[in-house]
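Each chain, written out:
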Amino acid sequence: MQREEKQLELTLEALISQVADLKNSLVSFIYKLENEYDRLTWPSVLDSFALLSGQLNTLNKVLKHEKTPLLRNQVIIPLVLSPDRDEEIMRQTEGRVPVFSHEVVPDHLRTKPDPEVEEQEKQLITDAARISPDVAQKQIQSLNKMCSNLLEKISKEERESESGGLRQNKQTFNPADTNALVAAVAFGKGLSNRRPPGSGGSVQSGQPGAGAIIAGASGMQQVPMSGAPAQQQPMLPGVQMAQAGQPGKMPSGIKTNIKSASMHPYQR
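Looking at an unreviewed UniProt entry, one finds the chain named Mediator of RNA polymerase II transcription subunit 8, with Aquila chrysaetos chrysaetos as its source organism. Taken verbatim from the UniProt record of the chain, the Subunit (unreviewed entry) comment is "Component of the Mediator complex." In its Subcellular location (unreviewed entry) section, UniProt records this for the chain: "Nucleus".

Set out below in structure tokens:
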């Protein structure tokens, strides 16, 4: 009898140690899921699962060991029940069970599921026994077909989403052409400053200061302002007479302007 009690005590100590390690691993894994989910990687999750699986296998080996007594033959009977707070139970349960009373004993010392759960389990076993092998095989094939169709739809949606993302990320313009167009519109970069022939206008000879403006126009370039039509200063007859005494120096632009001024429809 003493030998069996000693063996039972050693077995319980080994089980408590294994369960404590398993509990610590679960607590660590749950903490990662709740607080480090933003930087948690799949290899880290697999490592946690592998650790939990190894600890469960070790616990099963301890339970199935030949020297482990059959724990199902052991009956736990509460000797003292009290509604008062028990500090020892608080320490052993890490604060989860403050008292050991008639209310908590049926839950903590239960070795079987609830009666409702047992009844549902029996009903499921009975329904499964009524199904013939042929019907079960047909149901399995139908379920596999549904799963295959669902996986195919999911794969198709993933492919479409990836192709849609590639189409959205594809560049549809040339940055160099866009920059050149913006520079031309905003700053006139790359535009020609030459005036087309025959585009001169007429200015009334009675305007004050017209001769002075036209006198210096031969050495200047006209740049049209954005938003307003380009206007050219017409050449008056006085300019032609003033420049007639300088052969070989008259610019071609002045000749064109003189010609266009002489062809103005309002001139008499």
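### Considerations on the environment of S17
Relative to the helices and strands, S17 is located in helix α1 (residues 2-35). Sequence separation between S17 and L59 is 42 residues; the distance between their C-alpha atoms is 9.5 Å.

### Overview of helix α2 (residues 42-64)
The end-to-end C-alpha separation of α2 is 33 Å, in line with the 33 Å expected for 23 residues at 1.5 Å each. Against α1 lie the buried residues of α2.

### Quick notes on the layout of surface pockets
Considered as a void within the structure, the largest pocket measures approximately 1100 Å³ in volume. Lining of the largest pocket is provided by 25 residues; of these, L12, I16, I76, H108 and L109 occupy positions nearest its centre. Those elements giving two or more residues to the lining of the largest pocket turn out to be α1 and α2. For the lining of the largest pocket, the element with the most residues is α1, which contributes 7 residues. Its residues assigned to classes, the lining of the largest pocket shows 15 nonpolar, 5 polar and 5 charged.

### Observations regarding the packing of α1 against α2
The N-to-C vectors of α1 and α2 enclose an angle of 165 degrees; their axes lie 10 Å apart at closest approach. With respect to α2, the axis of α1 lies roughly antiparallel. The handedness of the crossing between α1 and α2 is left-handed. Of the residues in α2, those in contact with A14, L15, Q18, V19, D21, L22, S25, L26, F29 and K32 of α1 are S44, V45, S48, F49, L51, L52, Q55, L56, T58, L59, V62 and L63. For the contact of α1 with α2, the residue count by class is 14 nonpolar, 6 polar and 2 charged.

### Digging into the side chain of S101
Here S101 shows up in the loop between α3 (87-92) and α4 (105-108). In this structure S101 touches L81, S82 and P83, once residues within four positions along its chain are discounted.

About the criteria used
Residues numbered from 1 in each chain as written. Predicted model: local features only at pLDDT ≥ 70, side-chain atom pairs only at ≥ 80, totals over all residues. Heavy atoms only, no water. UniProt positions renumbered as here; feature names shortened; annotations may be inferred. Helix = DSSP H or I, 4+ residues; strand = E, 2+ residues; numbered from the N terminus. Expected span 1.5 Å × (residues − 1). Contact = heavy atoms within 4.5 Å. 1 Å grid on protein atoms, 1.4 Å probe; cavity = no way out; pocket = protein on both sides within 12 Å on 5 of 7 lines; lining within 4 Å. Points joined across faces, edges and corners; volume = space filled by probe spheres on them. Nonpolar A, V, L, I, M, F, W, Y, C, P; charged D, E, K, R; others polar. Axes fitted to C-alpha atoms, helices over the stretch in contact; angles between N-to-C directions. Parallel < 35°, antiparallel > 145°, perpendicular 65-115°, else oblique. Left-handed = near helix turned anticlockwise from the far one by under 90°.

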